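Residue strings, one per chain:
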Amino acid sequence: MTTINYTSDVDAKTGLVTVEWAGLSAGDDGQEFDCHGLQVASCHMWGTFGGNLSVRASNELTPTNFTEIFGGGGPGIQARIDGIPFMYVRSIKPFALSGISSVGVSIIFKIVR
């Protein structure tokens, strides 16, 4: 199991932050991203599946318990969580479950002004 670091890009003009974890394999998790004060806008998953990918979040001050907010066994984009167009969470990271060969996750956040 490896922790995969994220890369990020902030676009001040559009007010969007993109965070990406690439190269997740079975048993890997992503580096935790502190998204306190940002709204989750959409989640894009791609790559070679064969198992499920789980994107989990926590609202704890010191995040230790993460709950799934996005997930799936194949590529796609999810723009809503249970019909809610935007949500706030304190911290977020992906988990590659068994069967995953090589997948990536890109999450777009909206800067709240």
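Just so it is clear, the model here is predicted, and its values are computed rather than measured.

Draft legend 1. Representation of the pattern of salt bridges within the structure. Counted according to the given criterion, the structure contains one salt bridge. A salt bridge links Asp29 to Lys93; the nearest nitrogen and oxygen atoms lie 3.5 Å apart. Linking Asp29 in strand β4 (residues 29-30) with Lys93 in strand β11 (residues 91-96), this pair joins segments that are 64 residues apart in sequence. Note on Asp29: relative accessible area 7%, which makes it buried.

Draft legend 2. Representation of the pairing of strand β12 (residues 102-111) within the structure. The sheet contact formed by strand β3 (residues 16-24) and β12 spans seven bridges and is antiparallel. By the bridge assignment, Val19 is partnered in β12 with Ile107. Of the strand pairs in this sheet, strand β6 (residues 38-48) and β12 are connected by 10 bridges, and their pairing is antiparallel. Bridging from a neighbouring strand, Gly47 pairs with Val103 of β12.

Draft legend 3. Structural view of the environment of Ala79. Structurally, the position occupied by Ala79 is in the loop between β9 (76-78) and β10 (87-88). A relative accessible area of 42% means that Ala79 is categorised as partly exposed. In sequence terms Ala79 and Asn5 are 74 residues apart; their C-alpha atoms lie 23 Å from each other.

Draft legend 4. Representation of the packing of aromatic side chains in the model. For the structure on display, the rule yields four aromatic pairs. Ring centres 5.2 Å apart and planes at 85° place the aromatic pair Tyr6 and Phe33 in the edge-to-face group. Of the two residues, Tyr6 is situated in the loop between β1 (3-4) and β2 (7-11) and Phe33 in strand β5 (residues 33-34); the sequence distance between them amounts to 27 residues. Since its relative accessible area comes to 24%, Tyr6 is described here as partly exposed. On the basis of relative accessible area, Phe33 is assigned to the buried category, the value being 8%. Plain terms: the ring middles of Phe33 and Phe109 are 5.2 Å apart, the flat faces sit at 40° to each other, and that makes the pair tilted.

What counts as what
- Residues numbered from 1 in each chain as written.
- Predicted model: local features only at pLDDT ≥ 70, side-chain atom pairs only at ≥ 80, totals over all residues.
- Heavy atoms only, no water.
- Salt bridge = Lys/Arg side-chain N within 4 Å of Asp/Glu carboxyl O.
- Helix = DSSP H or I, 4+ residues; strand = E, 2+ residues; numbered from the N terminus.
- Buried < 20%, exposed > 50% of the residue type's maximum accessible area, 1.4 Å probe, protein only.
- Pairing = 2+ DSSP bridges.
- Phe/Tyr/Trp six-rings, centres within 6.5 Å; stacked < 30°, edge-to-face > 60°.

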